[in-house]
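# Structural characterization, general
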Amino acid sequence: MSNSTHEKVVIIGAGAAGLTAAIYTARANLSPVILAGLQPGGQMTITTDVENYPGFADVIQGPWLMTEMQQQAENVGARVVYDIVTALDASIRPFRLTLDSGDEITADAVIVATGAQARWLGLESEQALNGRGVSACATCDGFFYKERDVAVIGGGNTAVEEALYLANICKSVTLIHRRDSLRAEQIMQDRLLRHDKIRVEWNRTVAEVLGDDSGVTGLRLASTAGEDDLDIAVQGMFVAIGHDPATAAFNGVLDLDDEGYILAETGGTRTSVDGVFAAGDCVDKIYRQAVTAAGMGCMAALDAERWLGEQA
């Protein structure tokens, strides 16, 4: 039998943004409910060594950090519900959320923090070596490959940006692109092609990630132009073929951009629906860091608290 409950604040998502929003709204005595979704902890749960989250002198583990954040949120009064939002009705007040279990929750304010997922190549070897040389975030993991040879997969702005970033850290960077021209902005292409530490393998795709107990040791590249396979030696592979925001449940409810990211006010977290706020990687397609997601979660909580106060 389905249940129906009412909450002051419902937070959709339990990653860095959602859990930070929960900490702040709980401390404001708003008794938030966190709907944890498919991947409690978000992308940090598949991140091993974390060296760039402020406050920790030593390397920490992504799953541990998310567990600590959740415990902190619960300790100050947040409640976690392990369910998935399938629909949000924002045409009425209070807002109505339908859950996968069949339960319904009405809420005075909603904070969407559903995050985004990196697109992967879909190789078994890629999955097996994820976190041991395979990454989707150069800013997060590039430092671990200092003075090593790495590869970046992709041909758009993100791939070129990551290759240029890694060239400042790594011994060499090989950009692998399935076509004979890049999709990135011309000024970025020019910077990439001029860089003496970056080379491009045109018309190539990754057929297999090579590795052993130490992690990635190389890549086997297939040709899209009829040439033979090519093996290259690298210690890291950075997949930069895009991200998919987890916003399908909000299509037609909130304003989204052409890639599916939630549109929020510049410098804030208010969405196109008054009383619905958004934070983290479902909004941010540029920075995509745990610390920026947490910062946006704080902003969303403060925006929601202020907005609820105005409704009284």
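Provided above is the structure to which this section pertains.
Read on for a plain summary of the structure. (Residues numbered from 1 in each chain as written. Predicted model: local features only at pLDDT ≥ 70, side-chain atom pairs only at ≥ 80, totals over all residues. Heavy atoms only, no water.)

Bringing the sheet that holds strand E15 (residues 215-223) into the picture now. For sheets, the rule is that strands pair by backbone hydrogen bonds, running either parallel or antiparallel. Strand order in the open sheet formed by 3 strands is E14-E15-E16, with antiparallel pairing between adjacent strands. For this open sheet the edge positions go to strand E14 (204-212) and strand E16 (230-233), each flanked by a neighbour on one side alone. The sheet shows a mean angle of 25 degrees between the axes of neighbouring strands, direction not considered. Two strands pair when backbone bridges link them, and E14 and E15 are joined in this way by 8 bridges, in the antiparallel orientation. Note on E15: the bridge partner recorded for Asp 212 is Gly 215. (Pairing = 2+ DSSP bridges. Helix = DSSP H or I, 4+ residues; strand = E, 2+ residues; numbered from the N terminus. Axes fitted to C-alpha atoms, helices over the stretch in contact; angles between N-to-C directions.)

Looking now at the packing of aromatic side chains. Under the defined criterion, the tally for this structure stands at 4 aromatic pairs. Between Phe 56 and Trp 64 the ring centres are 5.7 Å apart and the planes differ by 80 degrees, which places this aromatic pair in the edge-to-face class. Aromatic pair Phe 277 and Trp 307: ring centres 6.3 Å apart, planes at 70 degrees, arrangement edge-to-face. In this pair, Phe 277 sits in strand E19 (residues 276-278) while Trp 307 sits in helix H7 (residues 290-311), placing the two residues 30 residues apart along the sequence. Cluster of aromatic residues (ring-pair linked, three or more members): Tyr 53, Phe 56 and Trp 64. (Phe/Tyr/Trp six-rings, centres within 6.5 Å; stacked < 30°, edge-to-face > 60°.)

This part takes up unusual backbone geometry. A cis amide bond, omega -5 degrees, links Arg 93 with the succeeding residue Pro 94. Note on placement: Pro 94 falls in the loop between strand E6 (85-89) and strand E7 (95-99). Positive phi, normally seen in glycine, also occurs at Ser 31, with a value near 45 degrees. Mapped onto the elements of the fold, Ser 31 is located in the loop between helix H1 (16-27) and strand E2 (33-35). The backbone phi angle of Glu 147 is positive, close to 60 degrees, even though this residue is not glycine. Position of Glu 147 among the secondary structure elements: in the loop between helix H4 (138-141) and strand E11 (149-153).

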